[in-house]
Amino acid sequence: MAQLESHHTKPGFGPVVFAEQSGEAPSVIVVCEHASNRVPEFLGDMGVGAEALRSHIAWDPGALSVARNMARQMSASLVFGGVSRLVYDCNRPPEAVDAMPARSEDVDVPVNAAMSSVDRVERVEQVYLPFSKTLSDEVKRNRTSLQLMVTVHSFTPVFKGQKRQVELGLLHGADSRFAAAMIAHAPAKLPYVTRLNEPYSAADGVAHTLDVQGLRNGLLNVMIEIRNDLIQTPTQQQAAADCLVPWIKTTLTALNAEDAS
């Protein structure tokens, strides 16, 4: 991959998005919106405390490492976020209530609850718009070769006191083709309990990037959600990528063959 690039906005926000460019003519672009739990210094700890900032409400633990391993194996471009989703959730449009949540799961976020309309506009301008533009530019740069957008996320094993049995979720927005095809072409010895549209679905507002950056650009697209207790270590993160990459390649080849027939 080419050297890491970052998009800096106002000094207080620091880098809010990174892009690692592949070699020539990638067929896949990998996206990790919730890669970082970094909060700009001027926002302190958002009023939630250090422990909460280490938890899932602030980012998707393990997701970036999986995404980076996947991108390297597929010679894919990679775009990922550089600030916590508590600052701005780059998988949400500006009008979404949870784009800058005043409460995340069972945790109040005082800094967000106290935001003025001017503060909200600044967050959109300084985080969402640079992220969106960087991703859009990377798609345009490789438009003649790109076929697929894959977004990578992680989720908690326990949610509101309930243990989640699913280990790997394949999610889709308006375009279900690739997610459904992955289910149809799942490996015989798949090491993860895998389900379609669990633990989230488009009804939960998670398909923004897929629909706006993938579907609108004519790309097949899928969101991959991995339970975060299964990708805590570098070995686990590599194993997840090693499982997903050949599966994605097989699925893409099968869909291309269907289109050609």
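Structure's up top.
What comes next concerns the included structure.

Quick notes on the rules
Residues numbered from 1 in each chain as written. Predicted model: local features only at pLDDT ≥ 70, side-chain atom pairs only at ≥ 80, totals over all residues. Heavy atoms only, no water. Helix = DSSP H or I, 4+ residues; strand = E, 2+ residues; numbered from the N terminus. Rg over C-alpha atoms; globule rule 2.2 N^0.38 Å. Contact = heavy atoms within 4.5 Å. Areas by Shrake-Rupley, 256 points an atom, 1.4 Å probe, with all protein chains shown as cover. Lys, Arg positive; Asp, Glu negative; His and termini not counted. Charge placed at Lys NZ, Arg CZ, Asp CG, Glu CD. Core = buried A, V, L, I, M, F, W, Y, C linked by side-chain atoms within 4.5 Å. Buried < 20%, exposed > 50% of the residue type's maximum accessible area, 1.4 Å probe, protein only. Axes fitted to C-alpha atoms, helices over the stretch in contact; angles between N-to-C directions. Parallel < 35°, antiparallel > 145°, perpendicular 65-115°, else oblique. Left-handed = near helix turned anticlockwise from the far one by under 90°. Nonpolar A, V, L, I, M, F, W, Y, C, P; charged D, E, K, R; others polar. Disulfide = S-S within 2.5 Å. Pairing = 2+ DSSP bridges. 1 Å grid on protein atoms, 1.4 Å probe; cavity = no way out; pocket = protein on both sides within 12 Å on 5 of 7 lines; lining within 4 Å. Points joined across faces, edges and corners; volume = space filled by probe spheres on them. Salt bridge = Lys/Arg side-chain N within 4 Å of Asp/Glu carboxyl O.

Description of the overall build of the protein
Okay, step 1: Scanning the protein for helices and strands turns up seven helices and 12 strands.
Okay, step 2: By the compact-globule yardstick of 18 Å for 261 residues, the protein fits well, its C-alpha radius of gyration being 18 Å.
Okay, step 3: When its C-alpha atoms are laid out on the principal axes, the protein stretches across 55 × 40 × 30 Å.
Okay, step 4: The long-range share in the protein, meaning contacts at least 24 apart out of those at least 6 apart in sequence, stands at 79%.
Okay, step 5: Roughly 11400 Å² of accessible area belongs to the protein as shown, and the carbon and sulfur atoms make up 52% of that amount.
Okay, step 6: The positive charge centre, built from 23 side chains, and the negative charge centre, built from 29, are 2 Å apart in the protein.

Points about the nonpolar core
Okay, step 1: Ranked by internal contacts, the top residues of the largest apolar core, which has 40 residues, are V30, M70, V150, F178, I224, L244 and I248.
Okay, step 2: Contributing elements (two or more residues each) for this core: β3 (28-32), α2 (63-74), β4 (77-81), β7 (148-155), β10 (168-171), α5 (177-184), β12 (220-227) and α7 (234-260).
Okay, step 3: In terms of residue count, α7 provides more of this core than any other element does, nine residues in total.
Okay, step 4: Excluding residues that lie within four positions of it along the chain, M70 makes contacts with V150, V152, I224, A241, L244, V245 and I248.

Looking at the packing of α2 against α7
Okay, step 1: Taken N-terminus to C-terminus, the directions of α2 and α7 make an angle of 45°; their axes are 9 Å apart at the nearest point. With respect to α7, the element α2 is oriented oblique. The chirality of how α2 crosses α7 is right-handed. Facing α2, whose interface residues are S65, V66, N69, M70, Q73 and M74, α7 presents Q237, Q238, A240, A241, D242, L244, V245, I248 and K249.
Okay, step 2: The class makeup of the residues in the contact of α2 with α7 is eight nonpolar, five polar and two charged.

Some remarks on the state of the cysteines
Okay, step 1: Within this structure, the stated rule accounts for zero disulfides.
Okay, step 2: In this model C90 remains outside any disulfide bridge; the closest cysteine sulfur is found in C32, 11 Å from its own.

A look at the packing of α5 against α7
Okay, step 1: At a minimum axis distance of 9 Å, the contact between α5 and α7 shows a crossing angle of 110°. With respect to α7, the axis of α5 lies roughly perpendicular. Where α5 crosses over α7, the handedness of that crossing is right-handed. Where α5 approaches α7, its residues R177, F178, A181 and M182 are matched on the opposing element by W247, I248, T251, L252 and L255.

Regarding the pairing of strand β2 (residues 15-20)
Okay, step 1: Most of β2 sits out of view: six of its six residues are buried.
Okay, step 2: In this structure, β2 lies alongside β4, joined through four bridges in antiparallel fashion. Within β4, the position partnered with V17 by the bridge is G81.

Describing the environment of V39
Okay, step 1: Locating V39 in the fold gives a position in the loop between β3 and α1 (50-54).
Okay, step 2: V39 gets classed as buried once you look at its relative accessible area, which sits at 15%.
Okay, step 3: C-alpha separation for the pair V39 and R85, spaced 46 residues apart in sequence, amounts to 9.0 Å.
Okay, step 4: Here V39 is in contact with G44, M46, L53, S84 and V87, once residues within four sequence places are set aside.

Quick word on empty space enclosed by the protein
Okay, step 1: All chains considered together, the criterion is met by one cavity of 30 Å³ or more.
Okay, step 2: The space that makes up the largest cavity amounts to roughly 50 Å³.
Okay, step 3: As for the largest cavity, its lining consists of C90, Y128, F131, S132, L135, H208, T209, V212 and Q213.
Okay, step 4: Among the secondary structure elements, those contributing two or more residues to the lining of the largest cavity are α4 (117-141) and α6 (208-214).
Okay, step 5: Per-class residue counts for the lining of the largest cavity are five nonpolar, four polar and no charged.

With respect to the pattern of salt bridges
Okay, step 1: Going through the model one piece at a time under the given rule, you end up with 10 salt bridges.
Okay, step 2: A salt bridge links R92 to D89; the nearest nitrogen and oxygen atoms lie 3.8 Å apart. In this pair, the class of R92 matches that of D89, namely buried.
Okay, step 3: Residue R103 is joined to D108 by a salt bridge in which the shortest nitrogen-to-oxygen separation is 2.6 Å.
Okay, step 4: It is possible to trace a salt-bridge network through shared partners that takes in D89, R92 and D98.

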